[in-house]
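# Geometric and topological summary
Chain residues, written in single-letter form:
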Amino acid sequence: MSTGHSELHTKHEQITKYIESLAVGTKLSVRQIAQDLDVSEGTAYRAIKEAENIGLVSTKRRIGTIRMEKKEEPVIDKLTFAEIVNVVEGVVLGGSSGIHKSLNKFVIGAMQLEAMLKYIEAGNLLIVGNRVQAHMCALSQGAGVLITGGFDTTPEVKELADELQLPIIGSSFDTFTVATMINRAMEDRLIKKKIMIVDDIVRKDSPIYSLLASNTVKEMQKLVEETTHTRYPVIDDQQVPIGMITTKDIMGAKPNQLIGTLMTPNPLMINLKTSVASAGHTMVWEGIELLPVIDTDRKMIGVISRKDVMKAMQHMQRQPQNAETFEVQIYSGIDELRDEEGKLYFQGTVTPQMTNFEGLVSEGVLTTIMIRAAYRTVQEHKKGDLILDSSSSYFLIPLQIDDVIEIVPSIVEMSRRFCKIDMEIRTNGTRVARSMFTARIL
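So, here's what we can say about the structure.

The rules behind each value
Residues numbered from 1 in each chain as written. Predicted model: local features only at pLDDT ≥ 70, side-chain atom pairs only at ≥ 80, totals over all residues. Heavy atoms only, no water. Buried < 20%, exposed > 50% of the residue type's maximum accessible area, 1.4 Å probe, protein only. Helix = DSSP H or I, 4+ residues; strand = E, 2+ residues; numbered from the N terminus. Pairing = 2+ DSSP bridges. Phe/Tyr/Trp six-rings, centres within 6.5 Å; stacked < 30°, edge-to-face > 60°. Lys NZ or Arg CZ within 6 Å of the ring centre and 35° of its normal. Salt bridge = Lys/Arg side-chain N within 4 Å of Asp/Glu carboxyl O. Core = buried A, V, L, I, M, F, W, Y, C linked by side-chain atoms within 4.5 Å. Contact = heavy atoms within 4.5 Å.

When you tally the buried positions in strand E13 (residues 241–246), you get five out of six residues, the bulk of the element. Across five bridges, strand E12 (residues 231–235) lies against E13 in antiparallel orientation. The residue bridging Tyr232 from the neighbouring strand is Ile245, located in E13. Between the antiparallel neighbours E12 and E13 lie five residues, among them Gln239 with a positive phi of about 70°. As judged from the two bridges shared by E13 and strand E14 (residues 264–265), these two strands associate in the antiparallel manner. Bridging from a neighbouring strand, Met244 pairs with Thr264 of E14.

The next subject is the sheet that holds strand E17 (residues 300–305). One open sheet holds the three strands; their spatial order is E15-E16-E17, and the pairing between them is mixed. Unpaired on one side and paired on the other, strand E15 (270–271) and E17 mark the two borders of the sheet.

Moving on: the packing of aromatic side chains. With the rule as written, the count across this model stands at zero aromatic pairs. Note that Arg372 overlies the ring of Tyr375, its terminal NZ or CZ placed 4.8 Å from the centroid.

Okay, the pattern of salt bridges next. Enumeration according to the criterion identifies 11 salt bridges in this entry. Put simply, Glu424 and Arg431 hold a salt bridge, and the shortest N to O gap is 2.9 Å. Classification of Arg431 by relative accessible area gives partly exposed; the value is 37%. Three or more residues joined by partner-sharing salt bridges are found here, namely Glu336, Arg338, Arg376 and Glu380.

Formed by 29 residues in total, the largest nonpolar core has its most connected members in Phe346, Leu386, Leu399, Ile407, Cys419, Met423 and Ile425. Breaking this core down by element, the ones donating at least two residues are strand E19 (344–349), helix H14 (363–381), strand E21 (404–414), strand E22 (418–427) and strand E23 (430–441). For this core, the element with the most residues is H14, which contributes nine residues. When residues no more than four places from it in sequence are discounted, the contact partners of Leu386 are Ala374, Tyr375, Val378, Cys419, Ala439, Arg440 and Ile441.

Structure follows, in structure tokens:
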């Protein structure tokens, strides 16, 4: 059973600092830390588990717990030279020992050498053809080189690349194609950066409160008093979640009754790579307030609450748009307007990108526009996101390029956690499509 005294927090911090001071490769044991720092073995065990969660130590079979070098999280919006090689289907011509370095921007060498040098900095990637002098100058200024058109370079340049550990990459594509491919890869990275995952929000700096199936109701009541929490994961001896227990579950139970007989077994669990939106969907759909977070061995490494998810999603909404998904691009040409009564409706023009192979507007695009309009309509009345339950769409008249469309929402029903919206698309006063959405409000 976990506890939550301020004294315990201090001891955990003391043990964490002690572990950080150890040399990489040092073996740790619960008993040794308990003796060295004058704490209980239970406190030492929990502190080591927390150190494992944040990457300070690693427990391996037949070896034990070892102090590890804490790995820094990679910067997701920066590509490495190795990834560039894959993106442009290239080969490494020299400087292979620096292939895992990150680049911060790329420069296209389509100008005189003197002018080009003004733009090249350390950490850049120069994209250029078979201009050997440019290759040499870029390396001298700390930049990698991407040679386009299938050309090679001289042995002297390769020797300098090896010496400076700066990659020279060759690609058979032309400069324009290569730049487009890298731009797209960076755009994909920025989109992924905006997608918040459970690893971004799970608390790694505070104790994890849990119970064992062998704990009694009396012990749980004591934990409730100490932590003020009302629900806890129930774990086995291997730290694997086997159930969930709430204060409602123990109402009227005897003090010596075991938690294992009162818990709800087979709890839903998520891992660190699950998106926050997906976790929120699970919580709303299943009507639960707390989810255990597990590692690849199914061991519990944390929990997230519905409150954690709500905060994260509000934070995401406030972030600037660094990159555009197809959905954002489709909806970007739709304007928000008000009718004479002040009601919200939407208007836009059909663009060539919205059409299918027949030259008519894609039904999928129209559905996307109506869903985005439904999201915006709900936000007008309530703070929160939608989780779509179902939709029924009817496409009555085909639309063509340059048609001006109006998207008119009508709220059929709305409660604290549920809504039903009727959506129409019109052009020149004629109804061309209609959809009915039912959704849960997160």
